[in-house]
Amino acid sequence: MTPIIEFKNYTFKYRSQSEPTLREIDLTVNPGEKVLIVGPSGSGKSTLVHCINGMVPFSYPGESSGTLTVGGKDPAKTGIFGMSKIVGTVLQDTDGQFIGLTVAEDVAFALENDCVEQKEMFRAVDEVAEVVDIKALLGNAPTELSGGQKQRVSMAGVLVDDVDILLFDEPLANLDPATGKRAIDLIDRICRERDKTVIIIEHRLEDALYRDVDRIVVIGDGRVVADMTPDELLASDILIQEGIREPLYVTALKHAGCQVAAKDHPQHIETMNLEPYQEKVRAWFEKVSLPEIQGEEKPALEVLDLDFSYITGKPILSDIHFRINKGEMLAIVGKNGAGKNTLMKIINGVYTQTAGTVQFFGKNIDKSVSVREREQTVAMIYQDYSLVGEMTVAENIFLNTEPIRGALISDRDCIRKAAEFFRDMGIR
Ligand code: ADP
Ligand code: MG
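A few points on the structure.

**Some points on the pairing of strand β6 (residues 165–169)**
On any regular strand, side chains alternate: one points to one face of the sheet, the next to the other face. Counting buried residues in β6 gives 5 out of 5 residues, a clear majority hidden from the surface. With burial as the criterion, each face of β6 is covered, one bearing Ile165, Leu167 and Asp169 and the other bearing Leu166 and Phe168. The sheet contact formed by strand β5 (residues 87–90) and β6 spans 4 bridges and is parallel. Looking at β6, one finds that threonine 89 is bridged to leucine 167. Judged from the 5 bridges that link them, β6 and strand β7 (residues 197–201) form a sheet pairing that is parallel.

**A short note on the pattern of salt bridges**
In this structure the tally under the stated criterion is 24 salt bridges. Measuring nitrogen to oxygen at the nearest pair gives 2.9 Å for the salt bridge that ties arginine 192 to aspartate 188. Residue arginine 192 and its partner aspartate 188 are located together in helix α7 (residues 177–193), separated by 4 residues, close to a single helical turn. Judged by relative accessible area, which is 8%, aspartate 188 ranks as buried. The partner of lysine 254 in a salt bridge is glutamate 246, with the nearest N and O atoms 2.5 Å apart. Through salt bridges with shared partners, one network takes in Glu120, Arg123, Glu127 and Arg194.

**Some points on the site of ligand 1**
In the vicinity of ligand 1 there are 13 residues, among which Gln17, Gly42, Lys45, Ser46 and Thr47 approach most closely. The contact in question runs from an oxygen atom of ligand 1 to an N or O atom on the side chain of lysine 45, over 2.8 Å. Burial of ligand 1 by the protein amounts to 67% of the accessible area it has alone, namely 560 Å². When residues in the shell around ligand 1 are grouped by element, the largest group, 3 residues, is from helix α1 (residues 45–52). Residues of the shell around ligand 1, tallied by class, amount to 3 nonpolar, 9 polar and 1 charged.

**Brief notes about the sheet that holds strand β10 (residues 299–309)**
Strands in a sheet are paired, the pairing made by backbone hydrogen bonds, and the direction either parallel or antiparallel. Strand order in the open sheet made by the 4 strands is β11-β10-β12-β13, with antiparallel pairing throughout. A strand with exactly one partner marks an edge of an open sheet, and here the two such strands are β11 (315–325) and β13 (363–364). Contacting β10, β11 and β12 (355–360), helix α13 (residues 340–347) crosses the sheet at an angle of about 60° to β11.

**Focus on the packing of aromatic side chains**
Summed over all chains, the structure comprises 6 aromatic pairs. Judged by centre distance (6.3 Å) and plane angle (80°), the rings of tyrosine 14 and tyrosine 60 are edge-to-face. Separated by 46 residues along the polypeptide, tyrosine 14 in strand β1 (residues 5–14) and tyrosine 60 in the loop between α2 (55–58) and β4 (62–70) bring together distant segments of the chain. Taking relative accessible area as the criterion, tyrosine 60 reaches 32% and is therefore assigned partly exposed. Ring geometry for tyrosine 310 and tyrosine 351: centres 5.3 Å apart, planes at 85°, overall edge-to-face. In this pair, tyrosine 310 sits in the loop between β10 and β11 while tyrosine 351 sits in the loop between α13 and β12, placing the two residues 41 residues apart along the sequence. Among the aromatic residues, those joined into a ring-pair cluster are Phe12, Tyr14 and Tyr60. Over the ring of tyrosine 210 we find arginine 211; its NZ or CZ atom is 4.2 Å from the centre of that ring.

**What to know about α13**
All buried positions along α13 are accounted for by Thr342, Leu343, Ile346 and Ile347. Projected down its long axis, α13 shows its buried positions confined to an angular sector of 140°, all on one face. Positioned one or two residues after α13, glycine 349 has a phi angle of 90°, which is positive.

**As for a nonpolar patch on the surface**
Among the surface-exposed residues, Trp284, Phe285 and Val288 lie close enough to one another that they form a single nonpolar patch of about 300 Å² accessible area. For valine 288, a relative accessible area of 38% corresponds to the partly exposed category.

**Some thoughts on the sheet that holds β5**
The mixed open sheet is built from 6 strands, whose spatial order is β5-β6-β7-β3-β8-β9. Each edge of the open sheet is held by one strand with a lone partner, namely β5 and β9 (223–228). Each strand axis lies, on average, 20° off the axis of its neighbour in the sheet, ignoring direction. Where strand β3 (residues 34–38) meets β7, 4 bridges bridge the pair, whose relative direction is parallel. Within β7, the residue paired with valine 35 across the bridge is isoleucine 199. The sheet contacts of α7 involve β3, β6 and β7, and relative to β7 the element is tilted by about 160°.

**Digging into helix α11 (residues 248–255)**
If you check which residues of α11 are buried, you get Tyr249, Val250 and Leu253. All buried residues of α11 lie within an arc of 100° about the axis, which places them on one face of the element. Residues of α11 that are exposed and point over 90 degrees away from its buried face: Leu248 and His255. Here the buried face of α11 lies against α8 (205–208), α9 (230–235) and α12 (275–287). A positive phi of about 90° marks glycine 257, the residue just after α11.

Calculation criteria
Residues numbered from 1 in each chain as written. Chains lettered and ligands numbered in written order. Predicted model: local features only at pLDDT ≥ 70, side-chain atom pairs only at ≥ 80, totals over all residues. Heavy atoms only, no water. Buried < 20%, exposed > 50% of the residue type's maximum accessible area, 1.4 Å probe, protein only. Helix = DSSP H or I, 4+ residues; strand = E, 2+ residues; numbered from the N terminus. Pairing = 2+ DSSP bridges. Salt bridge = Lys/Arg side-chain N within 4 Å of Asp/Glu carboxyl O. Near = heavy atom within 4 Å. Polar contact = N/O pair within 3.5 Å; in protein donor to acceptor, adjacent residues only side chain to side chain. Areas by Shrake-Rupley, 256 points an atom, 1.4 Å probe, with all protein chains shown as cover. Nonpolar A, V, L, I, M, F, W, Y, C, P; charged D, E, K, R; others polar. Contact = heavy atoms within 4.5 Å. Axes fitted to C-alpha atoms, helices over the stretch in contact; angles between N-to-C directions. Phe/Tyr/Trp six-rings, centres within 6.5 Å; stacked < 30°, edge-to-face > 60°. Lys NZ or Arg CZ within 6 Å of the ring centre and 35° of its normal. Arc of directions from axis to C-beta. Patch = residues over 30% accessible without salt bridge, like charges linked within 9 Å, V, L, I, M, F, W, Y side chains within 5 Å.

Here it is as structure tokens:
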């Protein structure tokens, strides 16, 4: 197969720098591959992107040696405009990339430049808008969009040109985790369905690996330090040596003394074969002593020998046993579907355990204690919290408090209290 991107002994030095930023890069990407590039800040990842799309040397002058071929062309001879027919780049900060007054105009920009007929232009914009799910936004101004929406518009803008290679420079940087997952999903879908070659640069490795990639290239100080499958990389110590954060579960396994093996597919926690590690992790867990309790030990919440099953009878939680002392902070972690939410809902009384007890400050909490009474002790913020749409933000916040429930204090007091509350919580 002829590579679509090929760096051969490629070195590049910005004119304003005394030392090369990229050194002796040998890197090959085949058509249709999805490659993740990771490396610490300043290691040269964005420079690599700029070499591929022709911004080096046209926007960023400097000297290079060795060779670089992208889609059969030398970017340094082809120019930014010429390369834009082959390579589409979605930058980390999409704001600077918007040109049009509306989303539709912006997406159509490249076609307009190519003097595409209007009818065809409408069709093409419509098609990519569908792919990246921005049809409802076509009439909006790009400035009014959220970070995730801006990124999708930017993606549409490069897809409309039907380029073969898509470069994403830190696509997750400005996105919250949920929107980030959607972005990674979308990139994955575009790569597969539209047969694109995709390069993602990202240091949020665990998030970027939400969908499979073919290879991970590690850049360290301008050089290719590793080029291997995600499974091989996660089994190695290269990430740590290069100062890149591994996925937490990999760090945890290594911390417990496990030798993570590529054959167990550490790429995703959900599908990783954890069996060979269980014994070591359990032994470590049992050996490690909990931190010394400061001051007086006062159990706030105690769960004793708790079992739970839903109506199907399948055991969801068995023999759960733990104590949280007053002032302690505890994290409960586990796979999707492990029973974390069920446990929370038993604690706050939505469900009742099949066996065992729950105690607040040494007192058994059973059916005789109303949900209302439990709320005086335990407050819960749900993973998928929902606000009441017809109410204002203030009303939503005070929904469960005495003032609104019992209308005990005047509206003015309520507003004053709300204002203080918002200030404390950083809501304006
Ligand atoms: P990364 O994307 O991995 O954070 P960059 O490619 O942005 O790294 O930067 C790598 C090195 O190149 C840094 O030392 C940076 O200062 C330098 N550099 C980046 N852009 C330019 C530029 N336009 N002109 C001169 N030096 C630059
Ligand atoms: Mg960068």
